[in-house]
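Residue-level structural notes
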Amino acid sequence: MMAVVRRELRLMRRRPIYLLASLGVMAFCTVFFLTFLKEGMPQKLPIGVVDKDNSSLSRNLVRQLDATQLGEVVSFGSYQEAREALQKGRINAFCMIPEGTYSDVLAGRQPTFTFYVNSLYFVGGALAYKDLLTMVNLFSGAVQREALRATGMNDAAIMGQIQPILIDAHQIGNTATDYGVYLTNVLLPGILEMIIILVTVYTIGAELKYGTSRHLMDRAGGSMSAAMLGKLIPYTILYTAIGIICDLILYHWAGFPMAGSIWNMFFGTFIMVLACEAVAIFIIGALPVLRLAISISALYSVLGFSLAGFTFPVESMPAFIQGLAAAFPLRHYYMFYVQEAIFASGFSGWYPQIVYMLLFLFLPAIVYRRLKNAYLLQNFPRK
Amino acid sequence: MKRLTYIGRWLSDWYAIFTNELRHIFSDSGVMVIFFLAGLAYPVIYGLVYSNGTVDDMPVAIVDNSGSSASREFVRGLDATRELAVSHTCANMAEAEQLMQQRDVKGIVMIPEDFDDRLAKMEQATVSTYADMSSFLYYKNMTMGANHVMLSQMREIQKERFSAAGYGGQQLSQLVQPIRYEENMPYNRTFSYSIFFLSAVLLIVIQQTMFYGVSMMAGTMREENRSFAIMPDRLKGRGISRTVLGRGAAYWLIYMAIGAYVAGLVPRIFGMPQNCPFGEIFVLLLFYVTACVGFSFTFSSFIRRRETVFVLFLFLSPICLFLTGFSWPVSSFPLFWKLFSYIFPSTFAAQAFINMNTAGADLSMVSDQMIGLTIQTVVYYVLSCAAVFVENHMLKRKTA
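The following paragraphs examine the structure supplied in this document.

The rules behind these values
Residues numbered from 1 in each chain as written. Chains lettered and ligands numbered in written order. Predicted model: local features only at pLDDT ≥ 70, side-chain atom pairs only at ≥ 80, totals over all residues. Heavy atoms only, no water. Helix = DSSP H or I, 4+ residues; strand = E, 2+ residues; numbered from the N terminus. Buried < 20%, exposed > 50% of the residue type's maximum accessible area, 1.4 Å probe, protein only. Contact = heavy atoms within 4.5 Å. Polar contact = N/O pair within 3.5 Å; in protein donor to acceptor, adjacent residues only side chain to side chain. Pairing = 2+ DSSP bridges. Axes fitted to C-alpha atoms, helices over the stretch in contact; angles between N-to-C directions. Buried area = accessible area lost by both parts, 1.4 Å probe. Salt bridge = Lys/Arg side-chain N within 4 Å of Asp/Glu carboxyl O. Nonpolar A, V, L, I, M, F, W, Y, C, P; charged D, E, K, R; others polar. Parallel < 35°, antiparallel > 145°, perpendicular 65-115°, else oblique.

A few words on the environment of arginine 306 of chain B. Here arginine 306 of chain B shows up in the loop between helix 10 (278–300) and helix 11 (308–313). On the accessibility criterion, arginine 306 of chain B (1% relative accessible area) is buried. Between the C-alpha atoms of arginine 306 of chain B and glycine 213 of chain B, which are 93 residues apart in sequence, the distance is 9.6 Å. Residue contacts for arginine 306 of chain B: discarding those within four places in its chain leaves Lys209 and Arg291 of chain A together with Asp28, Gly30, Val31, Met216, Gly219, Thr220 and Glu223 of chain B. Looking at arginine 306 of chain B, its side chain comes within polar contact range of the side chain of threonine 220 of chain B, at 2.6 Å.

This part is about the sheet that holds strand 2 (residues 84–90) of chain B. Strand order in the open sheet formed by five strands is 5(A)-4(B)-3(B)-1(B)-2(B), and the pairing between neighbours is mixed. A single partner strand is all that each edge strand has here, and the edge strands are strand 5 (165–172) of chain A together with strand 2 of chain B. In this sheet, neighbouring strand axes are inclined to one another by 25° on average, regardless of whether the strands run parallel or antiparallel. Taken together, the eight bridges between strand 5 of chain A and strand 4 (residues 125–132) of chain B define a ladder with parallel strand orientation. Among the inter-strand pairings, leucine 166 of chain A is bridged to a residue of strand 4 of chain B, identified as threonine 126 of chain B. Lying on the sheet, helix 3 (residues 69–80) of chain B is in contact with strand 5 of chain A together with strand 1 (58–64), strand 2, strand 3 (107–111) and strand 4 of chain B; it crosses strand 2 of chain B at an angle near 135°.

A common way to express how large an interface is: the accessible area buried when the components associate. Of the residues lining the interface, 115 residues belong to chain B; the matching set on chain A comes to 122 residues. Three residues, Gln124, Ile179 and Trp328 of chain B, lead the burial of chain B against chain A; their summed loss comes to 7% of the area buried on that side. If you look at where chain B meets chain A, you find four salt bridges. Ionic pairing is found between lysine 209 of chain A and glutamate 223 of chain B, a salt bridge with its closest N-O pair at 2.8 Å. Counting every contact that joins chain B to chain A gives 51 residue pairs in polar contact (both at pLDDT 80 or more). Per-element accounting of the side of chain B that touches chain A gives the leading share, 15 residues, to helix 6 (residues 136–164) of chain B. Per-class residue counts for the side of chain B that touches chain A are 66 nonpolar, 33 polar and 16 charged.

Residue and element names in this part refer to chain A. The contact between helix 8 (residues 179–209) and helix 12 (residues 290–307) brings their axes to 10 Å, and the two run at 170°. Our classification of the angle between helix 8 and helix 12 gives roughly antiparallel. Across the interface between the two elements, Leu187, Gly190, Ile191, Glu193, Met194, Ile197, Leu198, Val201, Tyr202, Gly205, Ala206 and Lys209 of helix 8 pack against Leu290, Ala293, Ile294, Ser297, Ala298, Tyr300, Ser301, Val302 and Phe305 of helix 12.

As structure tokens, then:
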């Protein structure tokens, strides 16, 4: 077996693809997601305003909107212009302030503002909408405050009147509602899953494709399990190391919230690495033709992102898709991560997920004979 | 006469290269899997996965320490929203936290003991919400549901108080709500995830499957000691445009068909809004598919072996998706990544498609994106010609 390990290490040194595909890709993606989403919450979103009133009151409103962290006002002369900008995706929302707003407010005629929101852009649309709502509610509050002050009410009582109920919102596991934290924590392990499946399929399949599998079996003394173990041990160490470095970068260096213990995350990462390798062996074993196996692996691992359910929750997907989601290690890793990093529920909370991931390890047994025959006989088409 | 023969020769060479390439594509099972299985099935799978679109009636636990009529009304209001459903009523926070940890509920609403007293004393009362942040949709539902109930109850309370103080009629409603507002979400009324996600991902599928397929072909040719750049010998290295355009036309033809299916038929199958005549979507496809062919040719020239493209570049698919700005807004892109996104035709095309197909923009409104695609086409055409030229040079040196 050690002979196989040494052979594999030599292969890794000779062909740069193995290290490039794992270390290079992972480093790129880590830099990408950490810098791309570093703001955490979008700032200075362009929000359109069509100010038909152009009074001191409406101008004041627009200034307030512009001053919020979230928004930056873009003024338009007409509804037409603003709508076009909305359709072009240049702004995610705009607000129409009708003519005569100021005099209507003074006369108590309740003018109506109209918001148009482009909810095709989820994050931008929802946030711009929220910003507009806040602005109008604040403004309503200000008008009430003036009216109540005139009646001689004190300021504390006025607050109780303007906003009788306050919502004190807590975000469990991501107090800052940081979009980067939410996405990166699952996307990076997802990329790792993808790399593991592809590289493992590639390294096992390449022996078949380039007809070197018999040489490998010789080295392993004719034992298939020694060949596979020897081949995968260097990769398992490499991926586990990458996974752990990744955990360290996220939870230690970048300071992403971690309610539980980072040691448990290391453990979960290690189990995920094993599960992904098992899936890879299953794919190449079931289809010992590299070109097909690699295409299938690509299709499978890309789907993993959607079916992990961290963007759109799995329980809201159709029933037959929910069952399918269980066939992806990333799904279980995500559930594990939620228990450990968000709820800190420890072993009792996440052990089912570890069990599910370990179940993947039975997959290679199913294709063991078939892969062994393929290795010995090389009886599958090479191209 | 001579000129005519040149054109005639050009066309016949082009045609030979074109049909030859088509033959290669259709006899390669791996490429067929990527083009047809992935290109045709992926959009459908995504459509099915996200067919429900919204998370409705998300289960929340209530800890009502007040037990007053006002708090009960608040709870009833929460249950009535589309976003939330009160699934558990707990005696204390510990119990509710336990439920959240077991993931039976995705949020907790806690109404404190003094809720009713404070309202009676006209002080501010507080309601605490706890959202499970493992998915932003949970957070969105919690926030929208709770705010909705809070605002409507707030207005009720204000109305009661003002009318007790002797206000009435128009004056009362003016005090409670000096400015009214209406909201319009014309393109995606319910914040449906399927419209949001599919609109962006459909066009990514076109570019990515084409890129992977073309690269597999380029790798295969290299392995078989041919090259993507091989030209008819009698041309003495002068047939670059024939080779590029001939091979390109083969992929272009296949992908115009796949593209029409992905951008025209799939949205219809899943009942997505189609606010743009297909003719204009087709024009967008003409530009996009052309740019994709150039993009794929340029970058596939680096691929030496057939399977390596997946191992090395599959990770680009999720990254391209983010670079379209469908989720994280373009206005918040760091400058470097904004420039980086211009490498990919999908950046422009997905933006244009979202704006046209769902927001009903016409071609003139997406002119920026169309110009982007045109520039890409020109640049990538030149680059893929250069790749063929360099490759030929190297091949010749090797044989010489």
